[in-house]
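# Examination of the molecular architecture
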Amino acid sequence: MMGDSRPARSDGAAGTLPATSTELSVLLTAVRRGRVLTVTGRFREPRALLVRDIARRISSNFCDGAAVVSLPGGGGVRDLVAALGRLPGMPFLPPCGTADAASWLAERDMLLVLDDSDRLSPEALAWLRRLLAAAPGVRILAAGRHPLAVGQGRVHRL
């Protein structure tokens, strides 16, 4: 229902998402139309829950689906590429070169979801900027306390 202000529920989870259905609709549109969207907020769990739900709902809009990467450890380029390489369906395995991963991703139509993006190093952010320049079909949805510093992008504050 358009304009519904009830919180959207995740698929079978006991809790509710920290966004109304209207906000969720706006966020889904922002991901489809933009290159970068960061969901910011003080607490990690609501951010992570929201970006994962968005990824689940919108992955079929991308030929290559969505890749959800949690960044629990280091936030360097090699850590990011290694985390990507461990995902099902990714043809490169750690420790592959970052250029190999970028060239493979450059040919994709996919959503790259970065959970806990505040951990990314300046070098990893620079790698993501280069990736966005080389990969017109890649969109980034990030969750962090602060906006993802990879150029112009939308920010949704919880």
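Residues numbered from 1 in each chain as written. Predicted model: local features only at pLDDT ≥ 70, side-chain atom pairs only at ≥ 80, totals over all residues. Heavy atoms only, no water.

What follows deals with the pattern of salt bridges. On inspection of all chains with the given rule, the structure shows 7 salt bridges. Taking the shortest distance from any N to any O, the salt bridge between R44 and D116 comes out at 3.7 Å. Remark: D116 occurs in the loop between β5 (110-115) and α5 (122-134) and R44 occurs in helix α2 (residues 44-58); sequence separation between them is 72 residues. Across the pair R57 and D53 runs a salt bridge whose closest N-O atoms are separated by 2.6 Å. With a gap of 4 residues between them, R57 and D53 both fall in helix α2, about one helical turn apart. A cluster of three or more residues bridged by salt bridges with shared partners is formed by R44, R47, R52, D115, D116 and R119. (Salt bridge = Lys/Arg side-chain N within 4 Å of Asp/Glu carboxyl O. Helix = DSSP H or I, 4+ residues; strand = E, 2+ residues; numbered from the N terminus.)

The next point concerns α5. Compared with an ideal rise of 1.5 Å per residue, which puts 13 residues at 18 Å, α5 spans 19 Å between its outermost C-alpha atoms and is within 8% of the ideal. For α5, every residue scored as buried is listed here: A124, L125, W127, L128, L131 and L132. Projected onto a plane normal to the axis of α5, the buried residues spread over an arc of 155 degrees and lie on a single side. Opposite its buried face, α5 presents the exposed residues P122, E123, R130 and A133, each directed more than 90 degrees away. (Expected span 1.5 Å × (residues − 1). Buried < 20%, exposed > 50% of the residue type's maximum accessible area, 1.4 Å probe, protein only. Arc of directions from axis to C-beta.)

Buried residues dominate β5, accounting for 6 of its 6 residues. Every second residue of β5 is oriented toward a common face, with M110, L112 and L114 on one face and L111, V113 and D115 on the other, all of them buried. With 6 bridges joining them, β5 and strand β6 (residues 138-144) adopt parallel strand pairing. Directly across from D115, in β6, lies its bridge partner A143. As a crossover connection, the stretch from β5 through α5 into β6 is right-handed. (Pairing = 2+ DSSP bridges. Right-handed = clockwise from strand over helix to strand, strands pointing away.)

Residues A67 and V69 point to one face of strand β4 (residues 66-70) and are all buried, whereas A66, V68 and S70, pointing to the other face, are not buried. Across 5 bridges, β4 lies against β5 in parallel orientation. Bridge pairing in β5 places V68 opposite V113.

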